[in-house]
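Listed below, chain by chain, are the residues.
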Amino acid sequence: MQIRDLRKALKDMEPYVKNANFLIQGKRFSNFNMLVREAWANLLICAVMEHVTGERWTFQESDGDGVIGSVETGNGHIVEHVCAMDFPAGKQPPKGEDRVLWAINHKAARGPEYAQGKILVVFFDGAGMFVRSKIRESIFGKHHFESVICVGLLTVDDTGYEYMLTDYCNEYENQSISFRIKIPMDFSGWNIEQQMQ
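A short tour of the structure in this document, coming up. Note that this is a predicted model, so its numbers are computed, not measured.

Some remarks on the overall build of the protein chain
Here comes step 1: Helix and strand counts for the protein chain come out as 6 helices and 8 strands.
Here comes step 2: Reading the secondary structure of the protein chain in the N-to-C direction produces α-α-α-β-β-β-α-α-β-α-β-β-β-β.
Here comes step 3: If you line up the protein chain on its principal axes, its C-alpha atoms span 40 × 40 × 35 Å.
Here comes step 4: Evaluated residue by residue, the protein chain yields a buried proportion of 49% over its 197 residues.
Here comes step 5: Summarising the internal contacts of the protein chain: among those between residues at least 6 apart in sequence, 55% fall at separations of at least 24.
Here comes step 6: As displayed, the protein chain offers around 10000 Å² of accessible surface, 48% of which is attributable to carbon and sulfur atoms.
Here comes step 7: Between the mean site of the 21 positive side-chain charges and the mean site of the 26 negative ones, the protein chain shows a separation of 5 Å.

Quick look at helix H3 (residues 36-53)
Here comes step 1: With 18 residues, H3 should cover 26 Å at 1.5 Å per step; its first-to-last C-alpha distance of 26 Å lies within 8% of that length.
Here comes step 2: With 14 of its 18 residues buried, H3 lies for the most part within the structure.
Here comes step 3: A positive phi of about 75 degrees marks Gly54, the residue just after H3.

Overview of the side chain of Ser178
Here comes step 1: The topology assignment puts Ser178 in strand E7 (residues 177-184).
Here comes step 2: What makes Ser178 buried here is its relative accessible area of 0%.
Here comes step 3: Side chain to side chain, Ser178 and Arg132 meet in a polar contact 2.9 Å long.

As for the packing of helix H4 (residues 97-108) against helix H6 (residues 132-139)
Here comes step 1: Interhelical geometry of H4 versus H6 gives an angle of 30 degrees and a closest axis separation of 9 Å. Classed by the angle they form, the pair H4 and H6 counts as roughly parallel. Where H4 crosses over H6, the handedness of that crossing is right-handed. Of H6, the residues touching H4 (which contributes Glu97, Val100, Leu101 and Ile104) are Lys134, Ile135, Ser138 and Ile139.

So, unusual backbone geometry
A negative phi holds for most residues other than glycine; trans holds for most peptide bonds.
Here comes step 1: Phi is positive for Phe187, which is not a glycine, with a value near 55 degrees.
Here comes step 2: Its location among the elements puts Phe187 in the loop between E7 and strand E8 (191-196).

Quick look at the side chain of Thr58
Here comes step 1: Structurally, Thr58 can be placed in strand E1 (residues 57-60).
Here comes step 2: According to the relative accessible area criterion, Thr58 is buried, its value standing at 8%.
Here comes step 3: Those residues in contact with Thr58, other than ones at most four positions away along the chain, are Gln2, Ile3, Arg4, Cys46, Val67, Ile68, Gly69 and Val71.

Quick word on the pairing of strand E3 (residues 76-84)
Here comes step 1: Taken together, the 3 bridges between strand E2 (residues 67-70) and E3 define a ladder with antiparallel strand orientation. Bridging from a neighbouring strand, Ile68 pairs with His77 of E3.
Here comes step 2: Counted along the chain from E2 to the antiparallel partner E3, the turn is 5 residues long, and its residue Gly74 has a positive phi close to 80 degrees.
Here comes step 3: Taken together, the 7 bridges between E3 and strand E4 (residues 118-124) define a ladder with parallel strand orientation.

About the criteria used
- Residues numbered from 1 in each chain as written.
- Predicted model: local features only at pLDDT ≥ 70, side-chain atom pairs only at ≥ 80, totals over all residues.
- Heavy atoms only, no water.
- Helix = DSSP H or I, 4+ residues; strand = E, 2+ residues; numbered from the N terminus.
- Buried < 20%, exposed > 50% of the residue type's maximum accessible area, 1.4 Å probe, protein only.
- Contact = heavy atoms within 4.5 Å.
- Areas by Shrake-Rupley, 256 points an atom, 1.4 Å probe, with all protein chains shown as cover.
- Lys, Arg positive; Asp, Glu negative; His and termini not counted.
- Charge placed at Lys NZ, Arg CZ, Asp CG, Glu CD.
- Expected span 1.5 Å × (residues − 1).
- Polar contact = N/O pair within 3.5 Å; in protein donor to acceptor, adjacent residues only side chain to side chain.
- Axes fitted to C-alpha atoms, helices over the stretch in contact; angles between N-to-C directions.
- Parallel < 35°, antiparallel > 145°, perpendicular 65-115°, else oblique.
- Left-handed = near helix turned anticlockwise from the far one by under 90°.
- Pairing = 2+ DSSP bridges.

Just geometry here; none of it tells us what the structure is for.
Now the structure itself:
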C-alpha cells in the first residue's frame, strides 16, 4: 500500500506521535506493514524531499522498512531503519554523536550485501548535544549504504515538535545537508528550513 497524501498521513500520525510509546516500543500498524516510527521517519524524509525537489513524494510498504520516492518520476529508494532512542527499560545508548554512530555501526556491521541499494535511516531522540560534522567524518567511506539519513527529535513544547534531518549521502563526500522540520501541535502541516550545504 502507498501513502497517497502526506498531509493527510501527517494528521493520521498525530495520536501515534503524541503517545511516544508507539515510537519507543516498536508498535506496528494493523493495516500498514510498517512500524509507527518507520512510517513517521519516512513521512518526515518525504516532506523534506518535497521541499528540496518541488515534486510530490510518498512512501509505501515493502518487504523491508519501506520505499520512499517521487510520485512524478516514479524513482524509489529502499530504506532500512534503525533506532537509537531513550527506552524506559534496559540498557541506554550513549549520548551525543556516539548515539547516532552506535546505531549506524550496528547496521553497517552486517556487511555490503545487506546494505547494497539501500538508504539507512537512523531515528533517534535523547542524544543531547551532537556535532553533525563528527558523524560525517566518522562514517565516510566506512559503510556500504547509498546514503545515511539521520532523523532526530530536537524539542517538544507547547508549540509543537522540532526534528533535525541530516543527509550523509556518499556523493556529498565531506559535506552533509541538514534541515529543521517544525510540526505544529495540531499537526496541520510543517515548516522546513535548510541549515547548511
